[in-house]
Structures are given as structure tokens and as C-alpha cells.
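# Architecture and fold: a report
The lines below spell out each chain.
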Amino acid sequence: HELTESDAQLCAAHAAAATNEAALQSTIDTLEAAVAREGAKLSDATAKLTEAAEKLSDAALKFSLTDAKLCAAHAKLSSAAAAATLEAAALQNTIASLEAVAADAQSETASHAAGALTLEKTIAA
């Protein structure tokens, strides 16, 4: 059975189509592999970003707790400073009272001394 020219062209076209199909399938396979690689990279990057976000969140929580502790310590220091100021004022008042008592005692001592001197002069006279 002889092949006619149109049969030969048909066979050539079929072979060319098969070759094109194989080349197209190879391109599709290459693209699918590239997409899979990029997907894996994206997944890895997403995991790293998630981990970084968790670390950032932990750091923010620690900072917040530290800030709260600092605020509490500042409040205690302020309270202690206010108490110390009140105590100092009370001591100042006590010192002033003691100084007044001492001044009275000196005045009374001076008065007694003057009285004794007068008495001595009276006795001497």
C-alpha cells in the first residue's frame, strides 16, 4: 500500500503535533515545578514572618510588664518621698518646739539669776 503525498503530509503534521505537545508538556512541567518551588519559598517566608511576629509580641508584652513595674516603683518612690517630706516637717516642728522650750528655760534661768543677784544685794545691804 503506497502512501500518498497527502498521507505523508498528514503523518508529518501528526508527528509535528506530537512534538509540539511534548514540548508544551515539558514547559508546563517546568512551570509547575517553578510554581511549587516559589510556593515552598513563600510558605517558608510566611513561617519566618509568623515566628518574628510572635517574638515581637512577646517582646511587647515583656516591655509592657517592665513599664508597669517601673510605674509601680515610681509610685512607691513618690509616696515614700511624700512621707519623708511630712516626717521632715514634723521633725522641724518638734525642733522648733524644743528650741522654744530651751529659750523659755534660758529666760527663766536668767530671771532666777537676776532674782538671786537682787537677793544677794539686799542681804549685803
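Throughout what follows, the structure given in this document is the object of discussion. (Residues numbered from 1 in each chain as written. Predicted model: local features only at pLDDT ≥ 70, side-chain atom pairs only at ≥ 80, totals over all residues. Heavy atoms only, no water.)

## Points about the overall build of the protein
Counting its secondary structure elements, the protein contains 1 helix and 0 strands. Over its C-alpha trace the protein gives a radius of gyration of 53 Å, far above what one expects of a compact globule, namely 14 Å for 125 residues. In terms of its C-alpha atoms, the protein occupies a principal-axis envelope of roughly 180 × 15 × 10 Å. Put simply, the protein shows about 10700 Å² of open surface, and 66% of that area lies on carbon and sulfur atoms. When the 8 basic and 17 acidic side-chain charges of the protein are each reduced to a single mean position, those positions are 13 Å apart. (Helix = DSSP H or I, 4+ residues; strand = E, 2+ residues; numbered from the N terminus. Rg over C-alpha atoms; globule rule 2.2 N^0.38 Å. Areas by Shrake-Rupley, 256 points an atom, 1.4 Å probe, with all protein chains shown as cover. Lys, Arg positive; Asp, Glu negative; His and termini not counted. Charge placed at Lys NZ, Arg CZ, Asp CG, Glu CD.)

## Overview of the pattern of salt bridges
Counted by the stated rule, this structure contains 3 salt bridges. Where Glu-38 meets Lys-41, a salt bridge forms, and the shortest distance between an N and an O atom there is 3.4 Å. One end of the pair, Glu-38, and the other, Lys-41, are both in helix α1 (residues 5-124), 3 residues apart, so they sit about a helical turn from each other. On the basis of relative accessible area, Glu-38 is assigned to the partly exposed category, the value being 46%. (Salt bridge = Lys/Arg side-chain N within 4 Å of Asp/Glu carboxyl O. Buried < 20%, exposed > 50% of the residue type's maximum accessible area, 1.4 Å probe, protein only.)

## With respect to the environment of Ala-83
Tracing the chain through its elements places Ala-83 in helix α1. Each C-alpha atom, one on Ala-83 and one on Ser-6, is 113 Å from the other, the two residues being 77 residues apart in sequence.

## Some points on the environment of Ala-96
Mapped onto the secondary structure, Ala-96 falls in helix α1. Measuring from C-alpha to C-alpha, the distance between Ala-96 and Lys-48 comes to 71 Å, with 48 residues separating the pair along the chain.

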